[in-house]
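Spelled out, the chains give:
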Amino acid sequence: MDEKLNVISLNRKAWNDTQKEKFLIPVAKEGKIAASAMTEFNAGSDISRMELALQERDDMIIAKGKKLFITNGMIADYIILYGRLNNGQLAAAVVDTKEQQLKNFRSTRVRTYGMTDAFVSRLIFDRVELPKENLLQGHGLDIAFHQLTEERLVISAEALGDTMKKLLYSHAYALQRRQFEQRLHQFQVIRFPISQKIRELNLLISALIQYVRQLDKHPELGGSKLMAANTMGLKISSTELGFESSIHCFRTMGGRGFTRQYANEIGLFDPFCMIHGGGSNY
Ligand SMILES: Cc1cc2nc3c(=O)[nH]c(=O)nc-3n(C[C@H](O)[C@H](O)[C@H](O)COP(=O)(O)OP(=O)(O)OC[C@H]3O[C@@H](n4cnc5c(N)ncnc54)[C@H](O)[C@@H]3O)c2cc1C
């Protein structure tokens, strides 16, 4: 799963030309890896409670605090780090991890069930010095919510792709497997739930395409509360559909669903793990 782009804020107004050149272009074009660090022990769903300090001192920012559950944190070249300035306002700065060798910075893996490719990490910033020019423009919450809107669309696309795969497995198995001298597909109890999930999948794909087109046409909608809420709803529905499709897949495929060959592929936990990405669900 390519998590590289869904964790970097594309709020163009927040980035000046030098920052775009230095950080965004290497991520978009050269395969550099990015992470975005909001969540803390006491700031999960409620990110406004972030406490990490971004102390301004002369031409430096001193970062002090901890972050939790950060996708790609332990492999990132650049991290968008959210925290509080001297006046208490939330802000965001880009950390160049110097290939994870940055002084006074540590990252370790958090082992998760599901989304194991996301390299979810905990990060420690123990008075890490950052150049002040790495500070992004604008209020930290505005930057965060702009990013979350786009991230929710990426998560929805991932979850819908995951759903499609599971429905395909179930459908293909039901068509080909014969029991009681009939194909499983001929039993309503097998066929109906799959058809219902396919209908829901089509509906959510249409919504996804519509939101992406709107955002492409009007990038300023990235800062709209309505769009943030719509994409949040889409993310919840898409990840839950992925989870429900896993259940149908396990049921339809009988014992085979639990063999190593398929169980990992069906990946029950992935979509439910995805539901927690992209910020609060409420
Ligand atoms: C795989 C994975 C990758 C992640 N990647 C990142 C990342 O790259 N960067 C980053 O900053 N964070 C990341 N996170 C953290 C993620 O954003 C948080 O897990 C999420 O915001 C929820 O916070 P929490 O885990 O502390 O749960 P809590 O805040 O403790 O919430 C627990 C449950 O309560 C629900 N809840 C909370 N408030 C309410 C309410 N008002 N009403 C009803 N229910 C509520 C939540 O939806 C959740 O289901 C990641 C998490 C996971 C699992």
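Residues numbered from 1 in each chain as written. Predicted model: local features only at pLDDT ≥ 70, side-chain atom pairs only at ≥ 80, totals over all residues. Heavy atoms only, no water.

The protein chain appears in an unreviewed UniProt entry as Acyl-CoA oxidase/dehydrogenase middle domain-containing protein from marine sediment metagenome. Checking UniProt for the protein chain, the heading Sequence similarities (unreviewed entry) contains the comment "Belongs to the acyl-CoA dehydrogenase family." The record in UniProt for the protein chain states the following under Cofactor (unreviewed entry): "FAD". (UniProt positions renumbered as here; feature names shortened; annotations may be inferred.)

Before going further, it helps to examine the nonpolar core. Of all hydrophobic cores here, the largest spans 21 residues; its most connected members are Leu54, Ile79, Leu81 and Phe125. Broken down by secondary-structure element, the contributors of at least two residues to this core are strand 1 (34-37), strand 3 (60-70), strand 4 (78-84), strand 5 (90-96) and strand 7 (121-131). Per element, the largest residue contribution to this core is four residues, and it comes from strand 7. Those residues in contact with Leu81, other than ones at most four positions away along the chain, are Ala37, Leu52, Leu54, Ala63, Lys67, Ala91, Ala92, Ala93, Val95 and Phe125. (Core = buried A, V, L, I, M, F, W, Y, C linked by side-chain atoms within 4.5 Å. Buried < 20%, exposed > 50% of the residue type's maximum accessible area, 1.4 Å probe, protein only. Helix = DSSP H or I, 4+ residues; strand = E, 2+ residues; numbered from the N terminus. Contact = heavy atoms within 4.5 Å.)

With that settled, consider the packing of helix 2 (residues 140-176) against helix 3 (residues 188-217). Relative to each other, helix 2 and helix 3 sit at 155°, their axes nearing to 10 Å. When the axis of helix 2 is compared with that of helix 3, the two are roughly antiparallel. Considering how the two elements wind past one another, helix 2 and helix 3 form a crossing that is left-handed. Taking contact as the criterion, the partners of Thr149, Leu153, Ser156, Ala157, Leu160, Thr163, Met164, Leu167, Ser170, His171 and Ala174 in helix 2 are, on helix 3, Ile190, Ile194, Lys197, Ile198, Leu201, Leu204, Ile205, Leu208, Tyr211, Val212 and Leu215. (Axes fitted to C-alpha atoms, helices over the stretch in contact; angles between N-to-C directions. Parallel < 35°, antiparallel > 145°, perpendicular 65-115°, else oblique. Left-handed = near helix turned anticlockwise from the far one by under 90°.)

Each regular strand displays side chains that alternate between the two surfaces of the sheet. What you see with strand 1 is no split at all: Ala34 and Ser36 on one side and Ala35 and Ala37 on the other are buried throughout. Where strand 1 meets strand 4, four bridges bridge the pair, whose relative direction is parallel. Bridge pairing in strand 4 links Ala34 to Tyr78. (Pairing = 2+ DSSP bridges.)

Moving on to the domain arrangement of the protein chain. What the domain assignment lists for the protein chain is domain 1 (12-138) and domain 2 (141-274). Each of domain 1 and domain 2 was reduced to a C-alpha centroid, and the two centroids are 30 Å apart. Counting residues at the interface gives 16 residues for domain 1, matched by 11 residues for domain 2. Summed over both sides, the interface between domain 1 and domain 2 buries roughly 1100 Å², with carbon and sulfur atoms accounting for 73% of that surface. Considering only the side of domain 1, the residues that lose the most area to domain 2 are Ile47, Tyr82 and Met115, jointly responsible for 37% of the buried surface there. (Domains from an automatic or database assignment. Buried area = accessible area lost by both parts, 1.4 Å probe.)

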